[in-house]
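Inside the fold
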Amino acid sequence: LRVNHTYLKRLVLPYVTILLALVQAQSESQQPKIQLRLAGDKRKHYEGRLEVSYNNEWGTICDDDFSIEAANVACKELGFLGAVAWSPSAKFGQGEGRIWLDNVHCTGREKSLAECPSNGFGVSDCRHSEDVGVICNQKRIPGHRFINTMNNNVETLEERVEEIRIRPISSHLKRIPVTEGYVEIKERGKWRQICDEDWTPLNNRVVCGMYGFPGDKNYNNKAYKSLSMRKKKNYWGFSVNCTGNEAHLSSCRLGKPLEPKRNGTCGRGLPVVVSCVPGRAFAPSSSTGFRKAYRPEQPLVRLRGGSNIGEGRVEVLKNGVWGTVCDDNWNLRAATVVCRELGFGSAKEALTGAKLGQGMGPVHMNEVECSGFEKSLTDCYFNNDALGCSHEEDAAVRCNIPAMGFQKRIRLSGGRNPYEGRVEVLTEKNGSLVWGTVCSENWGIVEAMVVCRQLGLGFASHAFQETWYWAGDASADNVVMSGVRCSGTEMSLPQCLHHGKHISCPKGGGRFAAGVSCSDTAPDLVLNAQLVEQTTYLEDRPMYALQCALEENCLSSTAKKNDHSSYRRLLRFSSQIHNVGQSDFRPKLGYHAWTWHECHRHYHSIEVFTHYDLLSLNGTKVAEGHKASFCLEDTQCDEGIQKRYVCANFGEQGITVGCWDTYRHDIDCQWIDITDIKPGDYIFQVVINPYYDVAESDYTNNVMKCKCRYDGYRIWTYHCHTGELQKKKLY
């Protein structure tokens, strides 16, 4: 009997395929229904202790045999692109209840942890000290619906939420930012309203927080009630139950399913409306820009070292001195208290390990514990004893901020990468919006900083007054903004001072247009104020020993008239300049532009590196010093950091992150010539990088001021502070 194998294959193969599909469908239907969530001591919303819900009960997973493949499966099941890492031994704290899974073995191709072989649900010999945690990729799977991570209802395990929005009514459409409107959820491609049955102020708090607002307020309900009566409603089928501390509405628990009425209403029949209170920096405006920069009041808490608004190292004011917060127990709840206190929304991230740079001075707070509803971080419980905490453990935050649309009105053109190029802004001209360039006259690093911040590209590394090497959009060559002067606190370039309708730019645009290059990181120089206070003294020095200093203009102008036998009275001190930023501080100019000073036998890499001044109590300068950069080098570094810069033998100059350059009191020009001043009370001031020659992440800490008293024979310096002198304040 001869068999036609080809015919047999065609006849049997479809049935085999159907049979395999049925077997697979049956096996999937037999797989236990589970749900995952990230819990514990989290510092980011995409990390935490991995917990699983099975049989309507939440439990943990043991770290035995867990792998990065299993973490990938879990993170994808949670809606993230994958896993970055996993952590054993209850890194995110010990869980409670059952340990549902142990000895989990995944290949990475499974769609759910339930598909991975294990000992079986509830079969484990582990303790909660072995609870496993995961760190997921923060990017979400496109189109993946959010899992309701705090849901305890088995009936709604399959419920997903894709997206949430605040939809304003027509009278609010032009307001920036959007602070009020219907709360709508996108479910299976359609936008649906939420019924206000069981809706609470805590839910409002969560919605406002995720959109960058610190709180909510009452609103005029008449307009919304009238509008809802006229329009057909399409309600989402569940109520929501938030605690008020969730980072996102999708993390709130689902309430009971709502029974739809015949007329499409529910309960009182009104869709949820939320009205949020913006922080002072984000007051809504009918225009697209801001005429004036926001100038914040002096709070007890501030952020420093962040590249964007709403992020930075957390610093608190105690007894008139700014200090940092130790990252022990630092979590999203404490970070959110900081964010809301400063006028932002809830925290996106609670950063540890000095991720946004190291601070200076004392560590004021340790082991912070917040309920999440405190008005200030200083109201939270904390340990005054910060023994063992160094600035390598400084805590930081990234907050949710409102969508202001700033990035849509500016662009960089012609650069080799997205971080550099000619600055082009969108402006209104003759009733239409056109792109144009910015006049480069007096364009500097502070203005460039504002551009990089507005684009969300970090810090400025350089400001360019000629951009001939960047061929931007030819249709945007015309200058549309001139006379730009920024203070550095602005969120967008239009907030800076600039000419109005009458543009004035002698060189014009094109190749003379303003340009920038941006960087994710920047250095940050801070003077050790305590050392200045401890090392200040007077010295009477003869003119014959000051000839080199005279040549380098380190003495007051009257010194030129003195003979060699006369004396000058010098206020001497040591200065220790730390780089607490995130990248090395390097001179703006290269070797070829450094100046050789024969008298002192060294190169000056920056012509004016610091200003030393003595001021009257009303701020008038009465005596000054002038210090060029003798050489920028690493005198000393924190433990574990290698020195990189030494200026001997025409070496590389700079200050490494975590290192400092010390100018001792006995070095030439390390003084202020006070020969001609009268006894009295003064202010002693030191300014680093006074002309902003090099970009830094924070210029506010470049000034150090001390109170100073001179009686004609002795001098006292006291209350030395970095930044402006603070009023004494206790909390």
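Per an unreviewed UniProt entry, the chain goes by Lysyl oxidase homolog and derives from Sinocyclocheilus rhinocerous. The UniProt entry for the chain carries the following comment under Function (unreviewed entry): "Mediates the post-translational oxidative deamination of lysine residues on target proteins leading to the formation of deaminated lysine (allysine)."

**Quick notes on the pairing of strand 31 (residues 567–572)**
Of all six residues in strand 31, five are buried; the element is thus mostly enclosed. One ladder, built from six bridges, connects strand 30 (residues 537–542) with strand 31; its direction is antiparallel. Directly across from Pro542, in strand 31, lies its bridge partner Tyr567. Two strands pair when backbone bridges link them, and strand 31 and strand 39 (residues 671–673) are joined in this way by three bridges, in the antiparallel orientation. The residue of strand 39 that forms the bridge with Leu570 is Asp673.

**What to know about the sheet that holds strand 37 (residues 636–637)**
Read from one edge to the other, the open sheet built from four strands follows the order 29-32-38-37, with strand pairing classed as antiparallel. The sheet is open, and its two borders are formed by strand 29 (525–527) and strand 37, each paired with just one other strand. The pairing of strand 37 with strand 38 (residues 659–663) spans two bridges and is antiparallel. Each residue of the ladder has a partner; that of Gln636, found in strand 38, is Trp660.

**A few points about the side chain of Glu420**
Among the structural elements, Glu420 can be located in strand 24 (residues 420–429). Side-chain polar atoms of Glu420 contact the side chain of Arg416, separated by 2.6 Å. Aside from chain neighbours lying at most four places away, what touches Glu420 is Leu412, Gly415, Trp470, Val516 and Ser517.

**Focus on the environment of Asp41**
In this fold, Asp41 is placed in the loop between strand 1 (35–39) and strand 2 (47–54). Each C-alpha atom, one on Asp41 and one on Arg333, is 9.4 Å from the other, the two residues being 292 residues apart in sequence. Not counting residues up to four positions away in its chain, the partners in contact with Asp41 are Phe92 and Gly93.

**Description of helix 3 (residues 201–210)**
Taken across its 10 residues, helix 3 has eight buried, putting it largely inside the fold. If you check which residues of helix 3 are buried, you get Asn203, Asn204, Arg205, Val206, Val207, Cys208, Gly209 and Met210. Tucked inside the fold, the buried residues of helix 3 contact strand 9 (163–167), strand 10 (180–187), strand 12 (215–216), strand 13 (238–241), strand 15 (273–277) and helix 5 (332–341). Within two residues after helix 3, Gly212 carries a phi angle of roughly 95°, on the positive side.

**A word on the confidence of the model for the chain**
Low-confidence regions, as indicated by low pLDDT, have predicted coordinates that should not be scrutinised in detail. Summing up the model confidence of the chain, the mean pLDDT is 83 and the portion of residues at 70 or higher is 87%. Taken as a whole, residues 147–160 scores under 50 in pLDDT and shows 49 contacts with residues more than four places along the chain or in a different chain.

**Considerations on the state of the cysteines**
In this structure the tally under the stated criterion is 14 disulfides. Across the disulfide, Cys62 is cross-linked to Cys126 (sulfur-sulfur distance 2.0 Å). Its S-S torsion of approximately -75° makes the covalent link between Cys62 and Cys126 left-handed. Of this pair, Cys62 sits in the loop between strand 3 (57–61) and helix 2 (68–77) while Cys126 sits in the loop between strand 5 (98–101) and strand 6 (133–136); the two residues are 64 residues apart in sequence, bridging distant segments of the chain.

**Quick look at the pattern of salt bridges**
Close approach of charged atoms allows side chains of opposite charge to pair. The full count for this structure, using the stated rule, is 25 salt bridges. For the salt bridge of Arg398 with Glu311, the shortest nitrogen-to-oxygen distance reads 3.3 Å. Taken together, the residues span a long stretch of sequence, with Arg398 in strand 22 (residues 396–399) and Glu311 in strand 17 (residues 311–318) at a distance of 87 residues. Look at Arg398 and you get partly exposed, because its relative accessible area is 26%. Note on Glu311: relative accessible area 12%, which makes it buried. Arg422 is the salt-bridge partner of Asp477, the closest N and O atoms lying 2.8 Å from each other. Of this pair, Asp477 sits in the loop between strand 26 (459–464) and strand 27 (479–481) while Arg422 sits in strand 24, and the two are 55 residues apart along the sequence. Take Arg422: its relative accessible area is 2%, and that puts it in the buried class. Several salt bridges converge on common partners, so that one network encompasses Arg411, Arg422, Glu424 and Asp477.

**Considerations on the sheet that holds strand 30**
Here we have three strands laid out as an open sheet, ordered 30-31-39, and antiparallel in their pairing. Edge strands, defined here as strands with exactly one partner in the open sheet, are strand 30 and strand 39. Between one strand axis and the next, the sheet turns by 35° as a mean value, whatever way the strands run.

**Notes on the side chain of Ser583**
Tracing the backbone shows Ser583 in the loop between strand 32 (575–579) and strand 33 (595–597). Owing to a relative accessible area of 18%, Ser583 belongs among the buried residues under this scheme. A polar contact of 3.4 Å, which involves the side chain of Ser583, links it to the backbone nitrogen of Ala522. Beyond its immediate sequence surroundings of up to four residues, Ser583 is in contact with Thr521, Ala522, Pro523 and Val657.

**A look at the pairing of strand 19 (residues 347–351)**
For strand 19, a buried count of four out of five residues is recorded, marking the element as mostly surrounded by other parts of the structure. The pairing of strand 19 with strand 22 spans four bridges and is classified as antiparallel. Residue Glu349 lies in a different strand from strand 22, and its bridge partner there is Arg398.

Calculation notes
- Position numbers for residues count from 1 along each chain, tracking the sequence in the order it is written.
- This being a predicted model, a pLDDT of at least 70 is required before a residue's local features are given, and a value of 80 or more before pairs of side-chain atoms are given or counted; all residues contribute to the totals for chains, interfaces and linings.
- Side-chain descriptors were evaluated using all non-hydrogen atoms of the structure, hydrogens and water having been removed beforehand.
- UniProt positions are given in the numbering used here, feature names are shortened, and annotations may be inferred rather than shown by experiment.
- When accessible area is computed with a 1.4 Å probe and restricted to protein chains, residues below 20% of their type maximum are described as buried, those above 50% as exposed, and intermediate ones as partly exposed.
- In DSSP terms, a helix is any run of H or I states spanning at least four residues, a strand is any run of E spanning at least two, and both are numbered starting from the N terminus.
- Strands qualify as paired when DSSP identifies two bridges or more between them.
- Here a polar contact is recorded for every N or O atom pair within 3.5 Å, except that within protein the pair must consist of a potential hydrogen donor and a potential acceptor, and residues adjacent in sequence are included only if both atoms are side-chain atoms.
- We call two residues in contact when some of their heavy atoms are within 4.5 Å.
- For every residue, the predictor states its confidence as a pLDDT score lying anywhere from 0 to 100.
- Count a disulfide wherever a pair of cysteine sulfur atoms falls within 2.5 Å.
- Salt bridges are identified by distance alone: a Lys or Arg side-chain nitrogen within 4 Å of an Asp or Glu carboxyl oxygen.
- Lines are fitted to the C-alpha atoms to define the axes, a helix being fitted only along its stretch in contact, and any angle between axes, read from their N-to-C directions, falls within 0 to 180 degrees.

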